[in-house]
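Residue-level listing of the chains:
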Amino acid sequence: MKSLFYIIAFLLLSVLSPSQTRVIKPVKKAYPKTTNFGISAGLTRSVLYLNRNVKENNDATGYTFAAVYGGKKIARLSLEYTHYKTINIAPTWYDIKANTIEANIHVIARFKKTHAYFYPIAGLSYNMFSGYFTGRNDFLNLSEKHPRNAVISTNWVGLNVGTGYEYFIKPVSFFLDYKMRIGFSEGKNLNIMDVCFTFGVRYNLKVPSIYKIFSGTRSRYVLDTDDPEN
């Protein structure tokens, strides 16, 4: 009977005594303090306007300048500008001038044994096409909406889709991009409007990531020209 009393008393004390509460702290995400920034220059070969440029071996050569930001994790942003040399699409178009402004996202896949990237590309472009329209051999019937023997300007928005490859020899890298631009030809049908290749060289350095900037860092520019991914 006495033993039963002790057991009951022990159980009551265990229930009534305050238990130790374990506090689980939330897991903090480890955001990178730095990321990559690169400036590049290169050459681009483009058909400019596929529906109009039906001549073979008549691609335009352009000078491309770009800036990329990010890439420490899986993606980076690219802003690009391309200015093309003047070409002719005789006998319909002469003295064609073209420019492209674009913004793309690169989704990066890294190679383990080499200092290289492979990246699918997606983005938007604003394309400017201007030339002297004669109206001859006008198989698109553009003379129905544009005057003959006049300078005609056409601006169109394209969806960029493509792939790229980049090889690093720190702090420099060499890249090759392939892109198709999809848009509405003559404002009606959705088609492939342009196909282009770009080869260039990029200089890379390390800068504060967007997380570091918004967290109030004192040093806004941490220049570090080591290989961006190694």
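Residues numbered from 1 in each chain as written. Predicted model: local features only at pLDDT ≥ 70, side-chain atom pairs only at ≥ 80, totals over all residues. Heavy atoms only, no water.

Engineer: Is there a simple way to explain the pairing of strand 2 (residues 60-70) in this structure?
Structural biologist: Both faces of the sheet carry side chains from a regular strand, because those side chains alternate between them. Across 10 bridges, the pairing between strand 1 (residues 34-46) and strand 2 is antiparallel. Within strand 2, the position partnered with Phe-37 by the bridge is Tyr-69. Pairing analysis gives 9 bridges linking strand 2 to strand 3 (residues 75-84), with the strands arranged antiparallel. Looking at strand 3, one finds that Tyr-69 is bridged to Leu-77. Where strand 2 folds back on strand 3, the antiparallel hairpin that results is connected by 4 residues, among which Gly-71 adopts a positive phi of roughly 105°. (Pairing = 2+ DSSP bridges. Helix = DSSP H or I, 4+ residues; strand = E, 2+ residues; numbered from the N terminus.)

Engineer: Hey, could you run me through unusual backbone geometry in this one?
Structural biologist: Negative phi values dominate among residues other than glycine, just as trans dominates among peptide bonds. Looking along the chain, the bond that leaves Ala-90 and enters Pro-91 is cis, with omega of 5°. Structurally, Pro-91 is set in the loop between strand 4 (87-89) and strand 5 (93-107). Even without being glycine, Asn-57 reaches a positive phi, approximately 55°. Residue Asn-149 is not a glycine yet carries a positive backbone phi of 50°. The topology assignment puts Asn-149 in the loop between strand 7 (116-133) and strand 8 (150-169).

Engineer: Can you walk me through the packing of aromatic side chains in this structure?
Structural biologist: In this description, an aromatic ring pair is defined by two values, namely the gap between the centres and the angle between the planes. The full count for this structure, using the stated rule, is 7 aromatic pairs. Measuring from ring centre to ring centre gives 5.4 Å for Tyr-49 and Phe-129, while their planes differ by 70°; the resulting arrangement is edge-to-face. Placement of Tyr-49 in the loop between strand 1 and strand 2 and of Phe-129 in strand 7 is noted, with a sequence separation of 80 residues between them. Neither Tyr-49 nor Phe-129 differs from the other in exposure class; each is buried. Through a chain of ring-to-ring contacts, the aromatic side chains of Tyr-49, Trp-93, Phe-129, Phe-133 and Trp-156 assemble into a single cluster. The positively charged end of Arg-52 is found above the aromatic ring belonging to Tyr-49, 4.2 Å away from the centroid. Residue placement shows Arg-202 over the ring face of Phe-175; its charged tip is 4.2 Å from the ring centre. (Phe/Tyr/Trp six-rings, centres within 6.5 Å; stacked < 30°, edge-to-face > 60°. Buried < 20%, exposed > 50% of the residue type's maximum accessible area, 1.4 Å probe, protein only. Lys NZ or Arg CZ within 6 Å of the ring centre and 35° of its normal.)

Engineer: So what exactly am I meant to see when it comes to the environment of Asn-155 here?
Structural biologist: Within the secondary structure, Asn-155 is located in strand 8. Asn-155 gets classed as partly exposed once you look at its relative accessible area, which sits at 45%. It is 9.6 Å that separates the C-alpha atoms of Asn-155 and Ala-98, two residues lying 57 residues apart in sequence. Those residues within four positions of Asn-155 in sequence are excluded, and the remaining contacts are Tyr-126, Asn-127, Met-128 and Phe-129. There is a polar contact of 3.3 Å between the side chain of Asn-155 and the side chain of Tyr-126. (Contact = heavy atoms within 4.5 Å. Polar contact = N/O pair within 3.5 Å; in protein donor to acceptor, adjacent residues only side chain to side chain.)

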